[in-house]
Amino acid sequence: MKILKFPTSHKTQLMDISAEVKEAVIKSGIKSGICVVFTPHTTGSVFLFENADQNLRRDLLSALSTVIPSDAKYSHVGSNAAAHLKSSRMGASVSIPVHDGRPMFGKWQGVFFGEFDGPRQEREVIIKVIAG
């Protein structure tokens, strides 16, 4: 198991963590199985997304802000209801097949951490590779 710890620098941002996931799979020595990538945060997310066009990342953040605006009136006690809602919409984990010791990403696919309540000094992502 590998735990990534890193800061975020913006209120909302997407961070490509694909290289760290690939490295964790390779270092695990597992040739066939599944890689689970999970975040224990309720205002951050882990999800698969297109990794070639940086503009699409901005488009996703913009679309989420349109659907779940931070300045809307929410029942949640606190000022980060929109962050919780965005996180729940995007998800906390992904499972990726491992074959020949490598994660089986699609051609344009990457693993991303979504920050929706930043900046934060430390966020965590847990990577677990399971033989199977």
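Residues numbered from 1 in each chain as written. Predicted model: local features only at pLDDT ≥ 70, side-chain atom pairs only at ≥ 80, totals over all residues. Heavy atoms only, no water.

Engineer: Got a sec to walk through the sheet that holds strand β7 (residues 109-115)? Specific residues and values, please.
Structural biologist: In spatial order, the strands read β2-β7-β4; together these three strands make up an open sheet with antiparallel pairing. One side of each edge strand has no neighbouring strand; the edge strands of this open sheet are β2 (13-16) and β4 (44-50). Adjacent strand axes in the sheet meet at a mean angle of 35° when their direction is disregarded. Bridging between β4 and β7 involves seven bridges; their strand directions are antiparallel. Pairing of G44 across the sheet is with E115, part of β7. (Pairing = 2+ DSSP bridges. Helix = DSSP H or I, 4+ residues; strand = E, 2+ residues; numbered from the N terminus. Axes fitted to C-alpha atoms, helices over the stretch in contact; angles between N-to-C directions.)

Engineer: Could you give an account of unusual backbone geometry, naming the residues involved and the relevant values?
Structural biologist: Most peptide bonds adopt trans geometry, and most residues besides glycine take a negative phi value. In this model, G118 is joined to P119 through a cis peptide bond whose omega is -5°. Assignment of secondary structure puts P119 in the loop between β7 and β8 (123-131). Of note in the backbone geometry, D100 takes a positive phi value of approximately 55° without being a glycine. Tracing the chain through its elements places D100 in the loop between β5 (93-99) and β6 (102-103). The exposure class assigned to D100 is exposed, which follows from its relative accessible area of 60%. (Buried < 20%, exposed > 50% of the residue type's maximum accessible area, 1.4 Å probe, protein only.)

Engineer: Hey, could you go over the packing of aromatic side chains for me, with residue numbers and the actual values?
Structural biologist: The tally for this structure, following the rule as stated, stands at four aromatic pairs. Arranged with centres 5.3 Å apart and planes meeting at 80°, the rings of F6 and F113 form a pair that is edge-to-face. Remark: F113 occurs in strand β7 and F6 occurs in strand β1 (residues 2-6); sequence separation between them is 107 residues. Note on F6: relative accessible area 12%, which makes it buried. Judged by its relative accessible area of 0%, F113 is buried. Among the aromatic residues, ring-to-ring pairing joins F47, F49 and F112 into one connected group. (Phe/Tyr/Trp six-rings, centres within 6.5 Å; stacked < 30°, edge-to-face > 60°.)

Engineer: Outline the sheet that holds β6, listing residues and values.
Structural biologist: Spatially, β1-β8-β3-β5-β6 is the arrangement adopted by the five strands of the open sheet, whose pairing is antiparallel. The outermost strands of the open sheet, each flanked by one partner alone, are β1 and β6. Across five bridges, β1 lies against β8 in antiparallel orientation. Bridge pairing in β8 links K5 to E124.

Note that all results are geometric; they support no functional claim without further evidence.
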